Amino acid sequence: MSKKPKSTDTLVVYTGTRPQPGHGSVIPPIVQASTFAHSEPGVYEYDYTRTDNPTRSSLQATLAMLENAKHGLVYSSGMAAVDSIMNLLEAGDHIVTGDDIYGGTYRYLTDVVARRGITFSFINMYDEADVAAAIKPNTKMIWFESPTNPLLNLVDMEMIARLSKKHNLLSVIDNTFATPYFQKPLDYGIDITMHSLTKYVNGHSDVIMGGIMVNDDDLHEQLKSLQNAIGPTPSPFDCFLAQRGIKTFAVRMKQHEVGAMKIAKYLQNHPKVEEVMYPGLPEHPHHDLALKQMTGFGGMVSFKAKTDLDGTVRLLQATDIFILAVSLGGVESLIEQPATMTHFEMPPEVRAEVGITDNLVRLSVGIEDPDDLIADLEYALDQI
Ligand SMILES: *Cc1c(COP(=O)(O)O)cnc(C)c1O
C-alpha cells in the first residue's frame, strides 16, 4: 500500500471513509443501537452507546487527526463539552479566564460553576503580566478563546502554555472560531482543545455537538470516564452528520476566509463603519500574533457601525442573504447583534467595559459569492 496522505485537505475526505469491513460501504454506517452483544460475559468490542459507539468512534478519530491530537471525544453540545472539562475541578479551585468569552460560557461559569464553590477571574488576557497577576495559589485552570467572541482578539497560545506549565495549571482553549483548519493549539503546548462542533466543523447548521481533543492519556481517561458517568453523549445520527460535514471542511474553510477577508476590506473603506475587527487585516492589533499562531484568519468579522441602537436594528433587518440569527460557521451567512442576542446574558456594565457596544455587529461569513454578500451589506448600511 502507498503512504497515508499528509495534507489536511485530503485527510478530511480520507479519514473515516475507508471501505468498511464486512460490506465495503465507503461511508461509515450509522450504528443506531444503544447496546451491543457480548461474546462471553464482559467480552465485547462495544458495550453500550453512552460509553462508546462505532459511529462516534469514527468521528472522534477524524477530529483527533484534524487537531494533531492523540485523543478525541464528542459530546451532545459544545456546552456539554465545557461542562465535562469543568468537572475536572473541585470546590475551592479558581479559574483564570478572558473577559470577552462566548456568552454561554460566561453564563455557565456565573450561574452553574459558581454554585460549586469554584471561583474565577475574568481578565484581559493579552499581556503576559496581566495573566500572571491573576494566578492565585488555588488557580487550577486557564480557560481562553482565540480569536475571542465577538471582538476577535487573539491570545498568545505559547504564553498561556508557558504560564500553565510554570504554575501547574490546566490550559484549555475554546477553538471554535479558528477551527483546527487554521489553528492547532495542542502543537503550542495547550492541554485541552474544546469545540462547539455545531459551528464550522459540522458546518451546515443542522447539528448541536461538542468536542474535546487532548494528547495526555490520563486526561483522556478522566474525561472519558466523566462522559460515561454523566452521559452528555451525542446520537449516532448526529455523529454521522458531523462526519459528513467534515468531508467538505477544508473547501468550506478556504471559502469562508476568502469571503471574510474581502468583506473586512470592504467594510474598512465604508464611510458608515467606525471600526472593523478581523485578524487578517494588517491594522488589527493582534495581526502579527495571527501570522505566528494561525495558518489563516477564519470567517468571522465584527464591526461597529456609525449609528445608535435603532440604526443598528435597521441595518440588521435590511439584509437578505445574511440571515438574522445567532450561531455561526454554517455555509449560509449570518448577521447578529451581540448586545441583544449572543451576549445578552452579560450585564450591560460588563458589556460596556469590554467593548460590546449596541452598534457592534457580528458576521459569520458563509460560502456564497463575496460580491453578492457585499451588495447585501451595502444595501443594509444605506438604511442606517
Ligand atoms: C456555540 C459556542 C459554544 C457552545 O456550543 P453549543 O454547541 O452551542 O453548545 C461555545 N463556544 C463558542 C465559541 C461557541 O461559538
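Everything numeric here is computed off the predicted structure, so don't read it as measured data.

## Some remarks on the side chain of Ser-146
Inference 1: Examined against the element boundaries, Ser-146 turns out to sit in the loop between strand S4 (139-145) and helix H6 (157-167).
Inference 2: In this structure Ser-146 comes out as buried when scored by relative accessible area, which is 1%.
Inference 3: A polar atom in the side chain of Ser-146 sits 2.9 Å from the backbone nitrogen of Val-155.
Inference 4: Residues contacting Ser-146, with those up to four places away along its chain left out, are Asn-153, Leu-154, Val-155, Ile-173, Asp-174, Asn-175, Ala-178, Gln-183 and Gln-293.

## Re the domain arrangement of the protein chain
Inference 1: Each assigned domain of the protein chain is listed with its residue range as follows: domain 1 (8-246) and domain 2 (250-381).
Inference 2: When each unit is reduced to the centre of its C-alpha atoms, the spacing between domain 1 and domain 2 is 25 Å.
Inference 3: Opposite the 37 residues of domain 1 that make contact, domain 2 presents 42 residues.
Inference 4: Between domain 1 and domain 2, roughly 3,400 Å² of surface is buried when both sides are summed, and carbon and sulfur atoms account for 61% of that area.
Inference 5: The tally of links between domain 1 and domain 2 comes to four salt bridges.
Inference 6: Notably, a salt bridge pairs Lys-292 with Glu-158, separated by 3.5 Å at the nearest N-O pair.
Inference 7: Going through the elements one at a time, helix H1 (8-14), helix H4 (103-112), H6, helix H7 (179-182) and helix H9 (236-246) are the ones with two or more residues in the side of domain 1 that touches domain 2.
Inference 8: Residue composition of the side of domain 1 that touches domain 2, by class: 20 nonpolar, eleven polar and six charged.

## Some words on helix H14 (residues 370-382)
Inference 1: The terminal C-alpha atoms of H14 lie 18 Å apart, and with 13 residues this matches the ideal 18 Å at 1.5 Å per residue to within 8%.
Inference 2: Among the residues of H14, Pro-370, Leu-373, Ile-374, Asp-376, Leu-377, Ala-380 and Leu-381 are the ones counted as buried. Down the axis of H14, the buried side of the element spans an arc of 160 degrees, and every buried residue falls inside it.
Inference 3: Where H14 is buried, its residues touch helix H10 (249-268), strand S8 (273-277), strand S9 (300-305), helix H12 (309-318), strand S11 (334-336) and strand S12 (360-364).
Inference 4: At the N-terminal end of H14, a side-chain oxygen is found 2.9 Å from the backbone nitrogen of Asp-371, two or three residues along, and the residue is Asp-369.

## A word on unusual backbone geometry
Apart from glycine, the bulk of residues carry a negative phi angle, and the bulk of peptide bonds sit in the trans form.
Inference 1: Cis peptide bonds are those with omega within 30 degrees of zero, and the linkage from Ser-146 to Pro-147 qualifies with -5 degrees.
Inference 2: Here Pro-147 shows up in the loop between S4 and H6.
Inference 3: Positive phi, normally seen in glycine, also occurs at Asn-168, with a value near 60 degrees.
Inference 4: When you line up the elements, Asn-168 lands in the loop between H6 and strand S5 (170-174).
Inference 5: Exposure remark for Asn-168: the relative accessible area of 69% places this residue in the exposed category.
Inference 6: Positive phi, close to 65 degrees, is recorded for Thr-179, a residue that is not glycine.
Inference 7: Given the relative accessible area of 1%, Thr-179 is considered buried.

## Comments concerning the packing of helix H3 (residues 78-86) against H4
Inference 1: Two elements in contact, H3 and H4, have axes whose closest approach is 11 Å; the angle formed by their N-to-C orientations is 40 degrees. The angle between the axes of H3 and H4 places the two elements in the oblique class. In this structure, H3 meets H4 at a crossing whose hand is right-handed. In contact with Met-79, Val-82, Asp-83 and Met-86 of H3, H4 contributes Gly-104, Thr-105, Tyr-108 and Leu-109.
Inference 2: Across the contact of H3 with H4, the residue classes break down as five nonpolar, two polar and one charged.

## Brief notes about helix H8 (residues 217-230)
Inference 1: Spanning 14 residues, H8 covers 20 Å between terminal C-alpha atoms, matching the ideal 20 Å at 1.5 Å per step.
Inference 2: Along H8, the positions that sit buried rather than exposed are Leu-219, His-220, Leu-223, Leu-226 and Gln-227. When H8 is viewed along its axis, its buried side chains cluster within an angular range of 130 degrees and face the same direction. Away from its buried face by more than 90 degrees, H8 exposes Asp-218 and Ala-229.
Inference 3: Check the buried side of H8 and you find it contacts helix H2 (54-66), strand S1 (71-75), H3, S5, strand S6 (192-196) and strand S7 (210-214).
Inference 4: Looking at the residues trailing H8, positive phi occurs at Gly-231, about 95 degrees.

## Some words on the site of the ligand
Inference 1: Inspection of the region around the ligand gives Ser-77, Gly-78, Met-79, Tyr-102, Asp-174, Thr-176, Ser-196, Thr-198, Lys-199, Met-209 and Leu-328 as its neighbouring residues.
Inference 2: A distance of 2.8 Å separates an oxygen atom of the ligand from a polar atom in the side chain of Ser-196.
Inference 3: In the model, an oxygen atom of the ligand is placed 2.8 Å from a nitrogen or oxygen of the Lys-199 side chain.
Inference 4: Taking 380 Å² as the accessible area of the ligand by itself, protein coverage stands at 93%.
Inference 5: Looking at the shell around the ligand, its residues break down into four nonpolar, five polar and two charged.

The rules behind each value
Residues numbered from 1 in each chain as written. Predicted model: local features only at pLDDT ≥ 70, side-chain atom pairs only at ≥ 80, totals over all residues. Heavy atoms only, no water. Helix = DSSP H or I, 4+ residues; strand = E, 2+ residues; numbered from the N terminus. Buried < 20%, exposed > 50% of the residue type's maximum accessible area, 1.4 Å probe, protein only. Polar contact = N/O pair within 3.5 Å; in protein donor to acceptor, adjacent residues only side chain to side chain. Contact = heavy atoms within 4.5 Å. Domains from an automatic or database assignment. Buried area = accessible area lost by both parts, 1.4 Å probe. Salt bridge = Lys/Arg side-chain N within 4 Å of Asp/Glu carboxyl O. Nonpolar A, V, L, I, M, F, W, Y, C, P; charged D, E, K, R; others polar. Expected span 1.5 Å × (residues − 1). Arc of directions from axis to C-beta. Axes fitted to C-alpha atoms, helices over the stretch in contact; angles between N-to-C directions. Parallel < 35°, antiparallel > 145°, perpendicular 65-115°, else oblique. Left-handed = near helix turned anticlockwise from the far one by under 90°. Near = heavy atom within 4 Å. Areas by Shrake-Rupley, 256 points an atom, 1.4 Å probe, with all protein chains shown as cover.

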